Amino acid sequence: MKSARERMDIISAYREVGSYRGAAAISGTTPKTVKRVIARHESAGVAPAREPREHNYDTVTELVAERVEKTKGKITAKRLLPAARAAGYEGSARNFRRLVAARKALWRQDNHRGRRPAVWSPGEHLVIDWGVLGGLHVFCAVLAWCRVRFVRFADNERAETTLALLTECFDTLGGVPGVVLADRMGCLKGGVVANKVVPTGEYVRFAAHHGFRPDFCEAADPESKGIVENLVGYAKSDLMVPGSGGSGEPFTDLAAANVAAAVWCVEVNAAVHSQICAVPAERLIVERELLAPLPSLRASIGRVVTRKVDRLACVRFGSARYSVPVRFIGEHVRLHVEADRALSILAGPGEGELVAEHRLVAPGEASIHDDHYGGPRPAPRRMVRPRTEQEKAFCALGPTAEAFITGAAAAGNTRLGPELAELNTLAAAHGQRAFLDALARAVAFGRWRAADVRSILAAGTGTPQPTTAGDALVLELPRVPTRPLSDYTLGGPTLGGPTLGGPALGRPGATVTGRSS
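Residues numbered from 1 in each chain as written. Predicted model: local features only at pLDDT ≥ 70, side-chain atom pairs only at ≥ 80, totals over all residues. Heavy atoms only, no water.

**So, the overall build of the protein chain**
- Within the protein chain one finds 17 helices and 16 strands.
- Taking all 517 residues of the protein chain together, the buried fraction comes to 34%.
- Considering only intrachain contacts with a sequence separation of at least 6, the fraction spanning at least 24 residues in the protein chain is 57%.
- For the protein chain, the exposed area adds up to about 32300 Å²; of that, 54% sits on carbon and sulfur atoms. (Helix = DSSP H or I, 4+ residues; strand = E, 2+ residues; numbered from the N terminus. Buried < 20%, exposed > 50% of the residue type's maximum accessible area, 1.4 Å probe, protein only. Contact = heavy atoms within 4.5 Å. Areas by Shrake-Rupley, 256 points an atom, 1.4 Å probe, with all protein chains shown as cover.)

Encoded structure:
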């Protein structure tokens, strides 16, 4: 900014020469500066008002302001640009984005939400929510006053899973808070009437059993449960995402993920929280005195159906069969599906007796426990049951005859029935002992014709009796003197004597291996 002396010099030079350029040459400045100083001097020291610059979007300013007001500042420049083009805007998309951003800023100045911070009371609120990352679902809960965090993993977000993890959370906290604030989860929400969420009957029974009041956040309003939204993001960045500043690794096993989550919760709850400037685990000791006590009995979580045990000592559920002890055949039992995909079968009045536990299987499959039937299933065996006189006479010879019939049937001997009469005749002619020996030989060598048995009987007892190979027979050969190879050249010593075939049989310690018969 020019000083007063400099401004007076510029004004004097301008009065003397009468032009901006000449005055600038005399004063050592620019013509624009001379013009600005003269204009201010002639207006009694007040800077003249600038004329507003024209913009290429002036024709659509009212249109943008109207749309921003109508959509409460939610519309984007990308969605609004086609309407501006139709209204005559010919500028660039970048310049139009500046206009929309300016109009949104003006709208927010007059329409700010004016949120206020939440004030939590000890023992009052527990906030829960679900998150998803990498195929795993993460359940997060925060006890609002002491900021104790609870995180666990699951493979689904069904109602029984949510309630089971909520029960585990209560066990970890050592009590039940007055209110459980949840998002409008589909697993806990039975419907919405006039913006009021109607919880499911199962959730109402669960809440009544533990003694808390279920509450739900406003729709599309993350600020009302930002305390747990921040925990979901924190768990994802510090526990589930590797390389993001934490020590997390991608989890492939659900059990390992839950172990890591439990260790992580102990770690973060023992550190000073940035908002409350205190250790959550230490504040929990104070807040636990204001929590309601845990119920003495566990709440029943999951589906409960009744089935009748059929003659196979099984019940059907989900198009699959599940075994129970045979003493319950014909009785009605209750099937309880747990959150971890376990099926419990209860019998008897009241709570009932746990008679069987199974893992859920796919439709069409069966889950069978051998101890329900007194042991493993024996291998199937088709008994030989003679009907005709010839069959009864032949089977009366004993197990060897039955083995012959079984082997001949398996080999496809279609003449077995008519040949039984001939075999009975051979048994009567040669005696039962000789016939059974021949029949046993026929079974051993797979000969299933009557002619084969007759040939074995005709051969008599002189036939060889092959046996299986025995153990290896190792013989230690005696040590003999050896001769060098030079002795075998032409003109050398003649072969013979004790070293005949010397190098082959004369190695020290050579052995001969064979099989004993």
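There is more to say after this.
**Examining the pairing of strand E3 (residues 148–154)**
- Burial of E3 is extensive: seven of the seven residues sit out of reach of the surface.
- Because side chains alternate across E3, one face comprises the buried residues Val-148, Phe-150, Arg-152 and Ala-154, and the other comprises Arg-149, Val-151 and Phe-153, equally buried.
- The pairing of strand E2 (residues 136–143) with E3 spans seven bridges and is classified as antiparallel. By the bridge assignment, His-137 is partnered in E3 with Ala-154. (Pairing = 2+ DSSP bridges.)

**Regarding unusual backbone geometry**
- For Asn-195, which is not a glycine, the phi torsion comes out positive at approximately 70°.
- Mapped onto the fold, Asn-195 is located in the loop between strand E5 (189–193) and strand E6 (196–199).
- Backbone geometry at Cys-277 places phi at a positive 55°, although glycine is not the residue there.
- Within the element layout of this structure, Cys-277 appears in the loop between helix H10 (254–269) and helix H11 (280–287).

**Describing the state of the cysteines**
- By the definition in use, this model includes zero disulfides.
- With no disulfide of its own, Cys-169 has Cys-265 as its nearest cysteine by sulfur position, at a separation of 9.1 Å.
- Residue classification places Cys-169 among the buried positions, given a relative accessible area of 1%. (Disulfide = S-S within 2.5 Å.)

**Observations concerning the packing of aromatic side chains**
- Scanning all chains against the criterion turns up ten aromatic pairs.
- Judged by centre distance (5.7 Å) and plane angle (65°), the rings of Phe-170 and Phe-212 are edge-to-face. Of the two residues, Phe-170 sits in helix H7 (residues 159–173) while Phe-212 sits in the loop between helix H8 (201–210) and strand E7 (213–216), which places them 42 residues apart along the sequence. Judged on exposure class, the residue Phe-170 and its partner Phe-212 are both buried.
- Put simply, the rings of Phe-170, Tyr-203, Phe-206, Phe-212 and Phe-216 touch in pairs and so form one group of aromatic residues.
- When the ring centre of Tyr-488 is taken as reference, the NZ or CZ atom of Arg-483 above it lies at 5.4 Å. (Phe/Tyr/Trp six-rings, centres within 6.5 Å; stacked < 30°, edge-to-face > 60°. Lys NZ or Arg CZ within 6 Å of the ring centre and 35° of its normal.)

**Let's talk about the nonpolar core**
- By size, the foremost hydrophobic cluster in this structure holds 34 residues, and its most contacted members are Leu-126, Ile-128, Leu-166, Phe-206 and Phe-212.
- Elements that contribute at least two residues to this core include exactly strand E1 (125–133), E2, E3, H7, strand E4 (179–182) and H8.
- When sequence neighbours within four positions are dropped, the list of residues in contact with Leu-166 reads Leu-126, Ile-128, Phe-139, Val-180, Phe-206 and Phe-212.
- Counting 22 residues, the second largest nonpolar core, distinct from the first, contains Phe-394, Leu-426, Leu-439 and Ile-456. (Core = buried A, V, L, I, M, F, W, Y, C linked by side-chain atoms within 4.5 Å.)

**What to know about the side chain of His-273**
- With respect to the helices and strands, His-273 occurs in the loop between H10 and H11.
- Of the residues examined, His-273 reaches a relative accessible area of 14% and is grouped as buried.
- A polar side-chain atom of His-273 sits 3.0 Å from the main-chain amide nitrogen of Gln-275.
- If we ignore the near neighbours within four places in the chain, the residues touching His-273 are Arg-147, Arg-149, Ala-278 and Pro-280. (Polar contact = N/O pair within 3.5 Å; in protein donor to acceptor, adjacent residues only side chain to side chain.)

**Section: the environment of Ser-367**
- Tracing the chain through its elements places Ser-367 in strand E14 (residues 366–367).
- Aside from chain neighbours lying at most four places away, what touches Ser-367 is Arg-321, Tyr-322, Ser-323, His-358, Arg-359 and Val-361.

**Some words on the pairing of strand E10 (residues 320–323)**
- Inspection of the sheet shows strand E9 (residues 314–317) paired to E10 by four bridges, in the antiparallel sense. When the bridges of E10 are listed, Cys-314 appears paired with Ser-323.
- From the end of E9 to the start of E10, which pair antiparallel, there are two residues, and Gly-318 there has a positive phi angle of about 60°.
- Pairing between E10 and E14: two bridges, direction parallel. By the bridge assignment, Arg-321 is partnered in E14 with Ala-366.

**Considerations on the pattern of salt bridges**
- Considering all chains together, one arrives at eight salt bridges under this definition.
- The closest approach of N and O atoms between Arg-152 and Glu-168, which form a salt bridge, is 3.0 Å. A residue pair is termed long-range when its members are at least 10 positions apart, and Arg-152 in strand E3 and Glu-168 in helix H7 qualify at 16 residues.
- Taking the relative accessible area as the measure of exposure, Arg-152 reaches 11% and is therefore buried.
- Its relative accessible area of 31% is what places Glu-168 among the partly exposed residues.
- As a salt-bridge pair, Asp-437 and Arg-433 come within 3.9 Å of each other at their nearest N and O atoms. Here the residue Asp-437 and the residue Arg-433 both occupy positions in helix H15 (residues 432–444), the gap between them amounting to four residues, near one helical turn.
- Owing to a relative accessible area of 42%, Asp-437 belongs among the partly exposed residues under this scheme. (Salt bridge = Lys/Arg side-chain N within 4 Å of Asp/Glu carboxyl O.)

**Structural notes on the sheet that holds E3**
- Strand order in the open sheet formed by five strands is E3-E2-E1-E4-E7, with mixed pairing between adjacent strands. Every other strand in the sheet has two partners, leaving E3 and E7 as the edge strands with one partner each. Recorded for the sheet is a direction-independent mean angle of 25° between the axes of neighbouring strands.
- Strand direction decides the pairing type here: E4 and E7, joined by four bridges, are parallel. (Axes fitted to C-alpha atoms, helices over the stretch in contact; angles between N-to-C directions.)

**A short note on the environment of Pro-349**
- Here Pro-349 shows up in the loop between strand E12 (342–347) and strand E13 (353–359).
- For the pair Pro-349 and Val-333, spaced 16 residues apart in the sequence, the C-alpha separation amounts to 9.9 Å.

**A word on the sheet that holds E13**
- Spatial ordering of the open sheet is given by E8-E11-E12-E13, a layout of four strands whose pairing is antiparallel. Of all strands in the sheet, those bounded by a partner on one side alone are strand E8 (304–308) and E13. Within this sheet the neighbouring strands show an average axis-to-axis angle of 30°, counted without direction.

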